[in-house]
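A structural walkthrough
Here is what each chain is made of, one letter per residue.
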Amino acid sequence: MSTAAKRPGLLARVVRRPSGAAAIGWLVLLTAATAGASFTAPRGPLEQDLGHVLAGPSGGHLLGTDNLGRDLLSRLLFGGRSTLLAVAESLLVYLVIGTVLGLASGYLGGWVDWLVTRTADLMFALPGIIIVLVVLSVFPGNLHAAMITFGVLGSPGLIRILRSQTLGIREELYVAAAKVAGLTRSQILRRHVLPRMTSMVIVQAALFSAIVVTIQAGLGFLGLGAQPPDPSWGGLVADASQNIDRDPWMLVPAGIPLVITVIALGLLGDAIRDAAIEGWSVSKMAAPPGRTVPAPRSAEDAVAPVEGSIEPDARALLSVRNLSVEIGGIPVVQGVSFDVMAGETLGVVGESGCGKSVTALGVLGLVPGGGRVAGGQVVFDGVDLAGSPAELARVRGSGIAYVSQEPMVALDPTFPVGRQLAEAVRRHSRADRRTTRAAAHRRVIELLTMVNIPDPEAVAGRYPHQLSGGMAQRVAIALALAGDPKLLIADEPTTALDVTVQAEILTLLRGLQAETGMAVLIVTHDWGVVADLCHRSVVMYAGQVVEQADVESMFTLPLHPYTAGLLAANPHLAGGGEPLPTIPGTVPAPRDWPQGCRFAARCSRVTDACAAAPVALTRPVPDRLTRCVHSQQLLVEGTPR
Amino acid sequence: MTPQTILDIQDLTVEFRQGRRTAPFRAVDSVSLTIAAGETVGLVGESGSGKSTIGRAVLGLNPVRSGRIHFEGADITSARPGVRRELSARLQVVFQDPYSSLNPARTIGRTLAEPLLVHRKIGAAETAERVTEMLARVGMPADTANRYPGQFSGGQRQRIAIARALMLSPRLVICDEPVSALDLSIQAQVMNLLADLQSELSLSYLFIAHDLPVVRHLSHRIVVLYRGQVMESGPADDVYADPVHPYTQALLAAVPEPDPRVQRARRADKEAAGATVLSTQPPAATGCAFAHRCPHAIDICHSLRPELLPVPGGEASGGGRTAACHRAADLHPLTVPAHSGITGEEVPCSGNE
Ligand SMILES: Nc1ncnc2c1ncn2[C@@H]1O[C@H](COP(=O)(O)OP(=O)(O)OP(=O)(O)O)[C@@H](O)[C@H]1O
Ligand code: SF4
Ligand code: SF4
Ligand SMILES: [Mg+2]
């Protein structure tokens, strides 16, 4: 990993955005100028220059004067003080009440939560501005009271947001780990919960400030804030509107700063939100900024074809040739070729990140993450599917079915499973609707029986969430079978299940295959599943096929060091007590793929020849393929297992 | 309780409330187990069997309904936060999910330093030194400390989580499925690391996993759990090689053998043996927890809950084997039974261990 270790702080990241920089610039300038109005203002706020009444901008009065000849710039700056104070007062109240109660309610739960949420709901329903007006009528002219009240009335919004955030974070394992580490409740809140929310709090604070500025100006406009002749922004607008027919210009200095300030606070909120996430959410896949995507290598580089394997195999049900897939412009699968014969089961093995799932989905033209099939042929039943959306749509579901690791993804939570199955059955049969309603139901029950669901009539009426993981996977398989597919693509269909349930699903798949004669392409990382189910197997590493063989030969004599390493690193085989054989290191990310053998960094047999140039797939013995410079050596020596 | 017993759980029961009306759900049902110094006890069982709940109860993260938990001789069943804080130096945890167990917004260095801040008031330089040392020990480069979790793979994160658990030199580490989310080759790396650390630092582990071969590889003793109850326990190799309880047998038989020839033979055997009972059968409320799936169930299994008793003949194979099955003796005599098991009656009670 070569990304820079030190990251700029939140402020630096906000300032790097143009909108953030502009907003911060304006707010800092405004704060400094108004706070130090006694120094920055050219005149006193009440100083009258009766010679220039209602004058436009001039050298003496940069922003002009009002009806009493007072300098507008000075009044603006002095008036800004009360705005600043108002924002500070209500913001402080808003933040203290909002964070304390929001965190407490979310983290402590129980009666605290009950009380806080009820009170917050109640306050939310109150008309804020009316309450403020009531307060002002009780304490006439007391803007402090009004602003503090407004802060209190605004806090339920913050409470709600922080509460729901805290609820989520409370369940995170790192909070459990911190508890185990002995951190006190307040330490956990301070170190783990609050920091996750700082940006959220700042964003809310910025938006709330914008509201306070408007409200404060509104009160000033109504004459409820600072009493004349004291300046305030709202008062300036009121003055300007009174003189609008005599001096329209006055509205500009009175109104524009107000509008800009409100907009700046909004922009600041947005900039912080974006910058905060950028800080730590560095996906491993994303190329670091400034790095260029490696140029796609030439076709021969990507895959040196073994004689005879270039043309799709006409005898195969599915014949994939030179399939390449790109995600975000980066190749993640390159030059993958394999065949699946009718009735055969082919396993695709490899560690995560090797491109197994992307290959399986690429066959269906469903590349995740906005990627695309960049090249190659996918010939199914004599028709090339790659680059032919119409053919793909025809084949998906009926010719080729797909089952994923997560059965719930395939099932719609809002409908009973029977209805979903019936819909699939009808879609595939395309027969007359009226006659098929009963027939479809019969077929649904038949499908559920096929996947060994006890009491299929009852299960058909259930919703997906009422099924256990194993049942849901059975239903997902039934759904896949609805169109009588010739090929079933199963991506880790048993990984999320318990072993006993996995064994049942594997038995089920075997049985179904024997019954229907469909071919299966199964993606897995479990050698046990390969041994149990597959006839042949393809091993993938870093986006390429590195070995292909019938299962028995692969297990007895792997011809690629990666296959050998994967087979050996299996706790099923090692005795207790002794260390397990491992493959050091990890799979390189697509952007880190080396020119030469992609496994070189982890290979115990590596020599200079390996890293020199891309390694071609070769056929050291009939019907077996391997991508290793030293495959002959492996063939002779064998791999000790 | 022998002096070197680190953890002693007696009759632990954990219940979760599920709404106002319905009775609470019993996730752990009077489970007893002990862990000696330097020992690894493996806890296996399928999803929802209560494995994690036991671990979390020991850590004080779950409420305990009844039962006692002793750690290094002291009762920690309902330890107050102050006591827990003390404990945390000696009792640590590694969670299953390497993605949510590290705070994504904090650097690794800050995460690792955290336990030190709680327990020892040591300087920044010393803290940094300890962090680097621990990272090196789990095989991570020193510059790891300045990075964020988002920049590491699952296996690397799991190493980091292990480093965090070891910062204070604990005596017992609860490993809740530490390798389940990892690839085979990475899983082997982490398992070897755990084994190395154990012998270097004389740690004890409560090793929780759903994969019997994984558990067997690291554990000295295995406890098999089903629906919150202990089905069988004993020395790891014995339980693995010769399971007594029908559930343990089912669990083992379900693991596909990573060898096509062996697996084919096993399949043939299974098919010859006839129909197995599918997991889709609904469970019964009384009797043996496994009765609804047990191919050997007889009448008594549905009405009377079997006790966890020493396996007859178990002494011969080194001792310490227990099973909760009415038919343990007649279904699976470990030695030639002196008294032939009487089907349908309780196995002779041979008292406590
Ligand atoms: N906080 C909780 N509230 C309610 N029920 C819970 C809670 N935690 C666990 N359970 C329930 O307790 C039972 C046991 O859960 P536990 O997590 O201990 O199982 P497990 O053996 O660790 O399973 P897995 O292999 O899936 O991790 C499950 O049915 C689970 O739904
Ligand atoms: S080509 Fe070399 S580095 Fe690559 S797998 Fe073969 S021996 Fe190992
Ligand atoms: S007690 Fe009966 S049902 Fe339970 S495991 Fe033993 S034989 Fe099977
Ligand atoms: Mg668990």
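Residues numbered from 1 in each chain as written. Chains lettered and ligands numbered in written order. Predicted model: local features only at pLDDT ≥ 70, side-chain atom pairs only at ≥ 80, totals over all residues. Heavy atoms only, no water.

**What to know about the overall build of chain A**
Our working rule: Helical segments are the DSSP runs of H or I of at least four residues, strand segments are the runs of E of at least two, and each set is numbered from the N terminus. What the globule rule says is 2.2 Å times the number of residues to the power 0.38, and the radius of gyration is computed from C-alpha atoms. Buried, partly exposed and exposed residues are distinguished by accessible area as a fraction of the type maximum, computed with a 1.4 Å probe on protein chains only: under 20%, between the cut-offs, and over 50%, respectively. Note that accessible areas follow from Shrake-Rupley with a 1.4 Å probe, and for residues the cover is restricted to the protein chains shown. Under the convention used here, Asp and Glu are negative, Lys and Arg are positive, and both His and the chain ends fall outside the count. Charged groups are reduced to one reference atom each: NZ for lysine, CZ for arginine, CG for aspartic acid, CD for glutamic acid.
Counting secondary structure elements, chain A contains 25 helices and eleven strands. For 641 residues, the compact-globule formula gives about 26 Å, and the C-alpha radius of gyration of chain A, at 35 Å, lies well above that figure. Expressed as a percentage of its 641 residues, the buried residues of chain A come to 52%. In the form shown here, chain A has an accessible surface area of approximately 27800 Å², with 62% of it arising from carbon and sulfur atoms. If the 51 positive side-chain charges of chain A are averaged to one point and the 51 negative ones to another, these points end up 3 Å apart.

**Some words on the overall build of chain B**
What counts here: Contact between two residues is taken to exist if any of their heavy atoms lie within 4.5 Å; hydrogens are not considered.
Each helix and strand counted, chain B has twelve helices and twelve strands in total. Counting the 353 residues in chain B, one finds 56% classified as buried. Counting contacts in chain B only where the partners sit at least 6 residues apart, residues at least 24 apart contribute 63% of the total. When the accessible surface of chain B is summed, it comes to about 14600 Å², and 50% of that surface belongs to carbon and sulfur atoms.

**Notes on the packing of helix 4 (residues 72-108) of chain A against helix 10 (residues 233-242) of chain A**
All names here are of chain A. Worth spelling out the cut-off: With axes taken as lines fitted to C-alpha atoms, and helix axes fitted only over the stretch in contact, angles between N-to-C directions fall between 0 and 180 degrees. Should an angle fall under 35 degrees it is taken as roughly parallel, and over 145 as roughly antiparallel, whereas 65 to 115 is taken as roughly perpendicular and any remaining angle as oblique. Residues are grouped as follows: Ala, Val, Leu, Ile, Met, Phe, Trp, Tyr, Cys and Pro are nonpolar; Asp, Glu, Lys and Arg are charged; every other residue, Gly included, is polar.
At a minimum axis distance of 8 Å, the contact between helix 4 and helix 10 shows a crossing angle of 140°. As summarised for this structure, helix 4 and helix 10 are arranged oblique, according to the angle between their axes. Where helix 4 abuts helix 10, its residues Leu-72, Arg-75, Leu-76, Gly-79, Gly-80 and Thr-83 lie against Trp-233, Leu-236 and Asp-239. Looking at the contact of helix 4 with helix 10 residue by residue, the classes come out as four nonpolar, three polar and two charged.

**Examining the interface of chain A and chain B**
The criterion, for reference: Throughout, buried area stands for the accessible area (probe radius 1.4 Å) lost by two parts on being put together, summed over both. We define a salt bridge as a side-chain nitrogen of Lys or Arg found within 4 Å of a carboxyl oxygen belonging to Asp or Glu. Identification of polar contacts relies on pairs of N or O atoms within 3.5 Å, with a donor-acceptor requirement for protein atoms, meaning one able to donate a hydrogen and the other able to accept it, and with residues adjacent in sequence counted only if both atoms are side-chain atoms.
Tallying the contact residues gives 71 residues for chain A and 66 residues for chain B. In total, about 6000 Å² of surface goes out of reach between chain A and chain B, with carbon and sulfur atoms giving 58% of it. Applying the counting criterion to the chain A and chain B interface returns four salt bridges. Notably, a salt bridge pairs A:Asp532 with B:Arg267, separated by 2.6 Å at the nearest N-O pair. Where chain A meets chain B, there are 14 residue pairs in polar contact (both at pLDDT 80 or more). Mapped onto the side of chain A that touches chain B, the elements with two or more residues apiece are helix 8 (173-180), helix 9 (185-221), helix 19 (469-481), helix 20 (499-516), helix 21 (527-533) and helix 22 (551-556) of chain A. The dominant element in the side of chain A that touches chain B, judged by the number of residues it contributes, is helix 20 of chain A, at nine residues.

**Structural notes on the site of ligand 2**
In plain terms, the rule: If even one non-hydrogen atom of a residue comes within 4 Å of a molecule or strand, that residue is called near it.
Neighbouring residues of ligand 2: A:His560, A:Pro561, A:Cys597, A:Phe599, A:Ala600, A:Cys603, A:Arg605, A:Val606, A:Cys610, A:Cys628, A:Val629 and A:His630. Across the shell around ligand 2, the residue classes break down as nine nonpolar, two polar and one charged.

**Quick word on the packing of aromatic side chains**
Residues and elements named next belong to chain B. The following threshold applies: Ring geometry is summarised as follows: Phe, Tyr and Trp rings, the Trp one being its six-membered ring, pair when their centres sit within 6.5 Å, and such pairs are stacked at plane angles under 30 degrees, edge-to-face over 60 and tilted between the two.
Using the criterion set out here, one finds nine aromatic pairs over all chains in the structure. The interplanar angle of 45° and the centroid separation of 4.6 Å between the aromatic rings of Tyr-226 and Tyr-247 together place this pair among those described as tilted. Of the two residues, Tyr-226 sits in strand 9 (residues 221-226) while Tyr-247 sits in helix 9 (residues 246-254), which places them 21 residues apart along the sequence. Judged by relative accessible area, Tyr-226 falls into the buried class, the value being 2%. Centre to centre, the rings of Tyr-247 and Phe-290 are 5.1 Å apart; their planes meet at 65°, and the pair counts as edge-to-face. Here Phe-290 lies in the loop between helix 10 (260-273) and helix 11 (299-303) and Tyr-247 lies in helix 9, a separation of 43 residues in the sequence.

**Description of the sheet that holds strand 4 (residues 372-380) of chain A**
Where we set the bar: Whether two strands pair depends on DSSP finding at least two bridges between them.
The strand order 2-1-4-5 (chain A) describes an open sheet built from four strands, whose pairing is antiparallel. Among the strands making up the open sheet, the edge pair consists of strand 2 (330-340) and strand 5 (383-384) of chain A.

**Looking at the sheet that holds strand 9 (residues 536-541) of chain A**
Residues and elements named next belong to chain A. Here seven strands make up an open sheet; going across it, the order is 6-7-8-3-9-10-11 and the pairing mixed. Edge positions in the sheet fall to strand 6 (400-403) and strand 11 (625-626), since each of these pairs with one other strand and no more. Where strand 6 meets strand 7 (residues 487-491), four bridges bridge the pair, whose relative direction is parallel. Across the sheet, residue Ala-401 finds its bridge partner in strand 7, namely Leu-488. Packed onto the sheet, helix 13 (residues 356-363) meets strand 3 (345-349), strand 6, strand 7, strand 8 (519-524) and strand 9 and runs at close to 150° relative to strand 8.

**A closer look at the nonpolar core**
To keep it simple, the criterion reads: Residues belong to a common nonpolar core when they are buried Ala, Val, Leu, Ile, Met, Phe, Trp, Tyr or Cys residues joined through side-chain atoms within 4.5 Å.
With 100 residues, the main nonpolar core has A:Leu318, A:Phe338, A:Ile477, A:Leu487, A:Trp527 and A:Tyr562 as its most contacted residues. Here this core takes eight residues from helix 19 of chain A, the largest share from any one element. Apart from the residues within four sequence positions on either side, A:Phe338 is in contact with A:Leu318, A:Ser319, A:Val320, A:Arg321, A:Leu346, A:Thr359, A:Val363, A:Leu521, A:Val538 and A:Gln548. One finds B:Met140, B:Tyr205, B:Leu218 and B:Cys294 within the second-largest nonpolar core, a separate group that totals 65 residues.

**Topic: the layout of surface pockets**
Here is the rule: Points on a 1 Å grid, built from protein atoms alone, make a cavity when a 1.4 Å probe fits but cannot get out and make a pocket when they are open with protein on both sides within 12 Å along at least 5 of 7 lines; residues with an atom within 4 Å of a point are the lining residues. Grid points are joined across faces, edges and corners, and a volume is the space filled by probe spheres set on the points.
Considering only enclosed or pocket space, the second largest pocket measures out at about 980 Å³ in volume. Broken down by secondary-structure element, the contributors of at least two residues to the lining of the second largest pocket are helix 4, helix 8 and helix 9 of chain A together with helix 2 (81-87) of chain B. In the lining of the second largest pocket, the residues fall into 15 nonpolar, six polar and nine charged.

**A short note on helix 5 (residues 154-166) of chain B**
Here is the rule: Multiplying 1.5 Å by the helix residue count minus one yields the expected span of that helix.
Relative to the 18 Å expected for 13 residues at 1.5 Å per residue, helix 5 of chain B spans 18 Å between its end C-alpha atoms, a close match to the ideal helical length. With 13 of 13 residues buried, helix 5 of chain B is to be regarded as a mostly interior element.

**Looking at unusual backbone geometry**
Residue and element names in this part refer to chain B. Backbone geometry places Ser-30, a non-glycine residue, at a positive phi of 35°. Mapped onto the fold, Ser-30 is located in strand 2 (residues 25-36). With phi around 50°, Ser-169 is a residue other than glycine that occupies positive phi space. The residue Ser-169 is located in the loop between helix 5 and strand 7 (172-176) in this model. We classify Ser-169 as partly exposed; its relative accessible area is 47%.

**Topic: the packing of helix 5 (residues 110-125) of chain A against helix 7 (residues 143-170) of chain A**
Residue and element names in this part refer to chain A. The cut-off we apply is this: By the definition used in this description, the sense in which the near helix is turned from the far one sets the handedness, with an anticlockwise turn below a right angle giving left-handed and a clockwise turn giving right-handed.
Where helix 5 contacts helix 7, the axes come no closer than 9 Å and their chain directions differ by 135°. By the angle between their directions, the pair helix 5 and helix 7 is classed as oblique. Regarding helix 5 and helix 7, the two cross each other, and that crossing is left-handed. Of helix 7, the residues touching helix 5 (which contributes Asp-113, Val-116, Thr-117, Ala-120, Asp-121, Met-123 and Phe-124) are Val-152, Leu-153, Ser-155, Pro-156, Gly-157, Ile-159, Arg-160 and Arg-163.

**What about the side chain of A:Arg627?**
Here A:Arg627 shows up in the loop between strand 11 and helix 25 (631-637). Here A:Val615 takes part through its backbone oxygen, which lies 3.1 Å from a polar atom of the side chain of A:Arg627.

**Considerations on the domain arrangement of chain B**
Residues and elements named next belong to chain B. The condition that has to hold: Where each domain begins and ends is defined by an automated method or by a domain database.
Domains assigned within chain B are domain 1 (5-226) and domain 2 (235-346). Distance from the C-alpha centre of domain 1 to the C-alpha centre of domain 2: 30 Å. Taken together, the contacts link 14 residues of domain 1 with 14 residues of domain 2. Approximately 1300 Å² of surface area, both sides summed, lies buried where domain 1 meets domain 2, with 64% of it carried by carbon and sulfur atoms. Among the residues domain 1 hides against domain 2, the three largest losses belong to Leu-212, Arg-216 and Tyr-226. Together they make up 46% of the total. The tally of links between domain 1 and domain 2 comes to two salt bridges. A salt bridge links Asp-29 to Arg-305; its shortest N-O distance comes to 3.1 Å. Inspection of the region where domain 1 meets domain 2 yields six residue pairs in polar contact (both at pLDDT 80 or more). At the level of secondary structure, the elements contributing two or more residues to the side of domain 1 that touches domain 2 comprise strand 2, helix 7 (212-218) and strand 9. Among the elements that make up the side of domain 1 that touches domain 2, the one with the highest residue count is strand 9 (five residues).

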